[in-house]
Amino acid sequence: MTPMTHTMLKGSNVPVDAVAVRAVLRWTPGTGVPDVDASALLLGTSGRVRSDEDFVFYNQPRHPSGLVRRLPKRSVAEGLTDTVEADLGALDASVDQVVIAASTDGDAFQRVPDLRILLFDAAFADGDPLAVFDVRPETGEETAIICGELYRRGEGWKFRAVGQGYPTGLIGLATAFGISVDDSEAGDRAEEPSGAAQGPAQPPAAHAPAHDAASDSAAATHTASAPDPDSQATVLHRQPAYGY
């Protein structure tokens, strides 16, 4: 039987019965619309990456384990897509969450129409999505947005619709979760999510250890510490060798 598609609201979550999933970002291209890239961060129980290798993005499209990877961008009838595929059932037990994010190549998300994330069971090439979430910028100034997160709950996984933005782009998002960034623009940029109360840079509250919907809004936040200065920095500039 085809599973029912869950149309999600920000902050809601649903169980994920699939062993492997495809998280598809989709938007409508057009004149003046910036390009959008999908990325994923594999987080431990601390709400931070275990190493810079846990960042899957356009310059590092495949996790060393091979279990989380970006697929080629596609043009479909509804627009353009960029996809992250994750084999949840095979991930190491130390991976507590897989964050799915979107970033632009410079302009803010207020110029990206119809952005949504669709979650599919990777076992089926076709079929309805398990969940759909329309991602709307909070301020319009975001250049990176956490669209959703997959997180462990007991012996299984759940998916939460997040929709939390960063006006500091992929740099701000990556450094907030512990990635060491080698980028000349990273210097004095803040890491504070847009639309949030003023205060220290911190990952969104949704990245506390997994919990049910009833307690999501009350989750405690965790302030991100500085990246390890001895680790090799991740280059966020687009590399010429990468193509779609």
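Residues numbered from 1 in each chain as written. Predicted model: local features only at pLDDT ≥ 70, side-chain atom pairs only at ≥ 80, totals over all residues. Heavy atoms only, no water.

Here the focus is the sheet that holds strand β6 (residues 68–76). Across a sheet, strands are paired by hydrogen bonds formed along the backbone, either parallel or antiparallel in direction. If you walk across this open sheet you meet the six strands as β1-β10-β9-β3-β7-β6, and the pairing is mixed. Each having just a single partner strand, β1 (6–7) and β6 make up the two edges of the open sheet. The sheet contact formed by strand β9 (residues 116–121) and strand β10 (residues 131–134) spans four bridges and is antiparallel. Looking across to β10, one finds that Leu118 is bridged to Val132. (Pairing = 2+ DSSP bridges. Helix = DSSP H or I, 4+ residues; strand = E, 2+ residues; numbered from the N terminus.)

The subject of this paragraph is the confidence of the model for the chain. Close reading of the predicted structure is inappropriate where its pLDDT is low. Looking at the chain as a whole, the pLDDT averages 81, with 73% of positions reaching at least 70. Note on residues 185–231: pLDDT is under 50 here. Beyond four places in sequence and across chains, it has 101 contacts. Below pLDDT 50 for its whole length, residues 239–244 participates in seven contacts with residues either more than four positions away or in separate chains. (pLDDT = per-residue confidence, 0-100. Contact = heavy atoms within 4.5 Å.)

Below, the discussion takes up the sheet that holds strand β2 (residues 13–16). As summarised here, the arrangement of the six strands in space is β2-β12-β11-β8-β4-β5, forming an open sheet in which the pairing is antiparallel. Two strands lie at the open edges of the sheet, namely β2 and β5 (55–56), each paired on one side alone. When β2 meets strand β12 (residues 156–166), the two strands line up antiparallel, connected through four bridges. Each residue of the ladder has a partner; that of Val16, found in β12, is Trp157.

Here we take up the pattern of salt bridges. Within this structure, the stated rule accounts for eleven salt bridges. Between Arg70 and Asp37 there is a salt bridge, with its nearest N and O atoms 3.7 Å apart. Within this pair, whereas Arg70 is found in strand β6, its partner Asp37 is found in strand β4 (residues 36–43), the two being separated by 33 residues in sequence. The pair formed by Arg70 and Asp37 is uniform in burial state, with each residue classed as buried. Between Asp107 and Arg111 there is a salt bridge, with its nearest N and O atoms 3.3 Å apart. Asp107 gets classed as partly exposed once you look at its relative accessible area, which sits at 34%. (Salt bridge = Lys/Arg side-chain N within 4 Å of Asp/Glu carboxyl O. Buried < 20%, exposed > 50% of the residue type's maximum accessible area, 1.4 Å probe, protein only.)

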